[in-house]
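Structure assessment
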Amino acid sequence: MTQRSLHSIHKAKQPLIMGVVNVTPDSFSDGGLFFSTENAIEHAKKLINEGADILDIGGESTRPGSLPVGVDEELRRVIPIIEAFADKEILVSVDTSKPEVMRQAIIAGVDMINDINALRSSGALEVVAKSHRVLVCLMHMQGRPANMQDNPQYQNILQEVYDFFEERIQVVTAIGVSRERLIIDPGFGFGKTLQHNLILLNNLRHLAQLQVPLLAGLSRKSMLGAVTGNSVDQRIHESVAAAIIAVINGARIVRVHDVKATKDALAVLNTVQECGR
């Protein structure tokens, strides 16, 4: 799957859509809706039919204030979903920070490790280095999900996030993971105030100077609710708008809950941009 994965991410002419599959009882947006394996698989099929390029399967909530689950429970949640789609024409990502979950997901056929902890957990680097094939998304986060929104502070949010990625890319490539396997995610809402998030969104092209594909995950997040006042289940319009802004500013992948709405909006953007070339 390596060549297919690399081609899909690096050679795609248009931004890719990553659809969210939360196999959890407590995720901030859709926790509990797809907690059973059957419901999660059906939801994943729906996202594929709507045009998702990547499925991001998560078995542990990382919403502000959330607490981790055990390895066995996380594996029970995500491995059946990965196995159900590993041989299909869709890229499959696992959203985890646990090395053992990464290892088992790789065995099950996952294409990407999406790690909010940027492979800083003990043993995570070694698991990824041994695979020689999976893509890796490194995300920036200040603190941990349990406390990250208590009081996030930065002297210069943009430069500090840039420096973080520069250091992590050096560490990861030093153990043999090729740069072309890497993706970076600035971590909107992960240890950041609304102002921090807006600065990052407005300056994504600065991070693009690292010459690694950018992933933006803004869908339904509280930063959008802070702007519009809408509840989490009523944020489709602002989520689509945020995804479009992210793509205009350099994102190559957008992680979303509302795949069809995002795909339709991107189709309009792509058509306008093609007309101007």
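That block above? That's the structure.
A brief structural summary.

Conventions we followed
Residues numbered from 1 in each chain as written. Predicted model: local features only at pLDDT ≥ 70, side-chain atom pairs only at ≥ 80, totals over all residues. Heavy atoms only, no water. Helix = DSSP H or I, 4+ residues; strand = E, 2+ residues; numbered from the N terminus. Axes fitted to C-alpha atoms, helices over the stretch in contact; angles between N-to-C directions. Parallel < 35°, antiparallel > 145°, perpendicular 65-115°, else oblique. Left-handed = near helix turned anticlockwise from the far one by under 90°. Contact = heavy atoms within 4.5 Å. Phe/Tyr/Trp six-rings, centres within 6.5 Å; stacked < 30°, edge-to-face > 60°. Buried < 20%, exposed > 50% of the residue type's maximum accessible area, 1.4 Å probe, protein only. 1 Å grid on protein atoms, 1.4 Å probe; cavity = no way out; pocket = protein on both sides within 12 Å on 5 of 7 lines; lining within 4 Å. Points joined across faces, edges and corners; volume = space filled by probe spheres on them. Nonpolar A, V, L, I, M, F, W, Y, C, P; charged D, E, K, R; others polar. Core = buried A, V, L, I, M, F, W, Y, C linked by side-chain atoms within 4.5 Å.

Of note in the backbone geometry, Leu 119 takes a positive phi value of approximately 60 degrees without being a glycine. As for its position among the elements, Leu 119 is in the loop between β4 (112-115) and α5 (124-131).

Relative orientation of the contacting elements helix α3 (residues 71-85) and helix α4 (residues 99-108) amounts to 20 degrees, with a least axis distance of 10 Å. With respect to α4, the element α3 is oriented roughly parallel. α3 and α4 meet at a crossing whose hand is right-handed. Two secondary-structure elements touch here, α3 through Val 71, Glu 74, Leu 75, Val 78, Ile 79, Ile 82 and Glu 83 and α4 through Glu 100, Val 101, Gln 104, Ala 105 and Ala 108.

Applying the stated criterion to the full structure yields 1 aromatic pair. Measuring from ring centre to ring centre gives 5.5 Å for Phe 164 and Phe 165, while their planes differ by 65 degrees; the resulting arrangement is edge-to-face.

Glancing now at the side chain of Thr 62. Take Thr 62: it is sitting in the loop between β2 (54-58) and α3. A relative accessible area of 18% places Thr 62 in the buried class.

Once that is clear, we can look at the layout of surface pockets. The volume enclosed by the second largest pocket comes to roughly 200 Å³. Here the lining of the second largest pocket is built from residues that sort into 5 nonpolar, 6 polar and 5 charged.

All right, on to the nonpolar core then. The biggest cluster of nonpolar side chains holds 72 residues, and the ones touching the most others in it are Ile 82, Val 110 and Leu 119. Sort the elements by how many residues they give to this core and helix α6 (residues 157-174) lands first, with 8 residues. Setting aside its immediate chain neighbours within four residues, Leu 119 contacts Met 102, Ala 124, Leu 125, Val 128, Val 136, Leu 138, Arg 168 and Val 172. Formed by 11 residues, the second largest nonpolar core is a distinct cluster that contains Ile 9, Leu 91, Met 112 and Ile 253.

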